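Tertiary structure, described
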Amino acid sequence: MDVGFVERIKKLKQERDAVIVAHMYQNDDVQAVADMVGDSFALSKYCTGRKEKTIVFCGVDFMAESAKILSPEKTVLIPVLDAGCPMADMITAEQLIEFKKQYPGYAVATYINSSAAVKAESDVIVTSSNALKVIRGMEEKNIIFGPDRNLGSFIAKQCPEKNIVLWNGFCPTHHKIKKEDVIKIKETYPNAELLVHPECTPDVTGLADYAGSTKGIIDYAAASNSKEFIIGTEIGVMYQLKKNNPDKKFYIMSDELICPNMKKTTLESIADCLEKGEHEISVPADVSEKAKKALDRMLELGK
Ligand code: 13P
Ligand code: SF4
């Protein structure tokens, strides 16, 4: 790790009265300088209760936007402006409006991996860690779910009482995990438990011992009596898994499980972001107000 950057970040953080948060898919050195590392749900909640004026969000744009919507009085900075999420880009607000017309009376539950404009057209937001609880807690039976068809079908299977229509989005990183490769690696490590993210395809989650959010995977590994685990999500989670469980072995499904956008943030970009006050996230007031209602409903139902 570059100690020069770490020292510069510490000093600038104080000067700017900032807190640094990082998603678990961030580079190891970025996770190491963060005040809080978590999944998208934990980070969005953590940011709402902070006393610091500024939040430096090391993640992708929809996460920083969500933090800004939930804490409009804060300055939210993202170190790399073009760190986006291809899955979130698979649905626009205009497309959702058109889709809703095909399903009158349906409520819209949207994955947090979506733009602020899409959230504003939604009734409730979910993350991978609270989706089941939120959807079960909704009074509506008929639900449109997007953009991730995999998380949507994972939830739909567990909620037979709901009628869920799926948007056809997916995560290109999690789609790299193929059922045949899972079968092979399970043969190589027969004593290992398979832990995957619900963004994986149903034939992969169907083989898993546990499917859940990045934090869910980390908590499961810590609590399990098993000593070996095969990990089916972005490679960044390996940092926390190894750090928290030095006596356990973790095998990543493939070294190619990399979200390129998550890896754009570097220590240098964090230092620059703090020094220059760039790049500030802003969300138009009308969009923010509507999106906040959907996020607040998530916080209420996900309690
Ligand atoms: P989490 O909700 O587990 O943080 O996942 C977010 C994400 O982008 C997964 O690809
Ligand atoms: Fe988006 Fe997939 Fe990257 Fe998560 S891992 S931020 S869903 S592209």
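Note that the structure is a prediction, hence the values are computed from the model and not measured.

1. Looking at the overall build of the protein
- Helix and strand counts for the protein come out as 14 helices and twelve strands.
- Split into buried and exposed, the 303 residues of the protein put 56% on the buried side.
- For the protein, restricting intrachain contacts to residue pairs at least 6 apart in sequence, the fraction spanning at least 24 positions comes to 63%.
- On the protein, roughly 13,100 Å² of surface is accessible, and the fraction owed to carbon and sulfur atoms is 51%.
- Distance from the positive charge centre (39 side chains) to the negative charge centre (44 side chains) of the protein: 4 Å.

2. Some details on the packing of helix α1 (residues 3–15) against helix α13 (residues 267–276)
- The N-to-C vectors of α1 and α13 enclose an angle of 25°; their axes lie 9 Å apart at closest approach. For the element pair α1 / α13, the angle class is roughly parallel. For the pair α1 and α13, the sense of crossing is left-handed. On the side of α1, the interface is formed by F5, V6, R8, I9, L12 and K13, while α13 contributes L267, E268, I270, A271, D272, L274 and E275.
- Taken together, the residues of the contact of α1 with α13 sort by class into eight nonpolar, no polar and five charged.

3. Side note on the site of ligand 1
- The immediate surroundings of ligand 1 are formed by H23, Y25, D39, S40, N113, S128, H174, H197, E199, S213 and T214.
- S40 places a side-chain nitrogen or oxygen 2.7 Å from an oxygen atom of ligand 1.
- The side chain of H197 places a nitrogen or oxygen atom 3.0 Å from an oxygen atom of ligand 1.
- Within the complex, the protein chains bury 96% of what would otherwise be the 300 Å² of accessible surface of ligand 1.
- Because more than half of its atoms lie within 2 Å of the grid, ligand 1 is assigned to the largest pocket.
- Residues belonging to the shell around ligand 1 are distributed by class as follows: one nonpolar, eight polar and two charged.

4. A short note on the packing of aromatic side chains
- One pass over the full model with this rule turns up six aromatic pairs.
- Measuring from ring centre to ring centre gives 4.8 Å for Y210 and Y220, while their planes differ by 20°; the resulting arrangement is stacked. Here Y220 lies in helix α11 (residues 214–223) and Y210 lies in strand β10 (residues 210–211), a separation of ten residues in the sequence.
- Residue Y220 is classed as partly exposed on the basis of its relative accessible area of 25%.
- Taking 5.3 Å as the distance between ring centres and 15° as the angle between the ring planes, the aromatic pair formed by F229 and F250 counts as stacked. Taken as a pair, F229 in strand β11 (residues 228–232) and F250 in strand β12 (residues 249–252) lie far apart in primary sequence, 21 residues in all.
- On the basis of relative accessibility, which here comes to 0%, the residue F229 falls in the buried class.
- The class of F250 is buried, set by a relative accessible area of 9%.
- One aromatic cluster is present, built from ring pairs that chain together F99, Y103, Y106 and W167.

5. Structural notes on the pattern of salt bridges
- Enumeration over the complete set of coordinates arrives at 17 salt bridges.
- One salt bridge connects E121 with K290, and the closest N-O pair in it is separated by 3.5 Å. Placement of the pair is E121 in the loop between α6 (116–120) and β6 (124–126) and K290 in helix α14 (residues 285–301), with a sequence separation of 169 residues.
- Of the residues examined, K290 reaches a relative accessible area of 42% and is grouped as partly exposed.
- What you see here is one network of salt bridges that share partners, running through R8, D272 and E275.

6. Comments concerning the site of ligand 2
- Around ligand 2 lies a shell formed by Y25, V60, C85, P86, M87, N113, C171, E199, C259 and M262.
- Under a 2 Å grid-point criterion requiring more than half of the atoms, the pocket assigned to ligand 2 is the largest pocket.
- Of the residues assigned to the shell around ligand 2, the class counts are eight nonpolar, one polar and one charged.

So, how was this worked out
- Residues numbered from 1 in each chain as written.
- Chains lettered and ligands numbered in written order.
- Predicted model: local features only at pLDDT ≥ 70, side-chain atom pairs only at ≥ 80, totals over all residues.
- Heavy atoms only, no water.
- Helix = DSSP H or I, 4+ residues; strand = E, 2+ residues; numbered from the N terminus.
- Buried < 20%, exposed > 50% of the residue type's maximum accessible area, 1.4 Å probe, protein only.
- Contact = heavy atoms within 4.5 Å.
- Areas by Shrake-Rupley, 256 points an atom, 1.4 Å probe, with all protein chains shown as cover.
- Lys, Arg positive; Asp, Glu negative; His and termini not counted.
- Charge placed at Lys NZ, Arg CZ, Asp CG, Glu CD.
- Axes fitted to C-alpha atoms, helices over the stretch in contact; angles between N-to-C directions.
- Parallel < 35°, antiparallel > 145°, perpendicular 65-115°, else oblique.
- Left-handed = near helix turned anticlockwise from the far one by under 90°.
- Nonpolar A, V, L, I, M, F, W, Y, C, P; charged D, E, K, R; others polar.
- Near = heavy atom within 4 Å.
- Polar contact = N/O pair within 3.5 Å; in protein donor to acceptor, adjacent residues only side chain to side chain.
- 1 Å grid on protein atoms, 1.4 Å probe; cavity = no way out; pocket = protein on both sides within 12 Å on 5 of 7 lines; lining within 4 Å.
- Sits in = over half its atoms within 2 Å of the grid points.
- Phe/Tyr/Trp six-rings, centres within 6.5 Å; stacked < 30°, edge-to-face > 60°.
- Salt bridge = Lys/Arg side-chain N within 4 Å of Asp/Glu carboxyl O.

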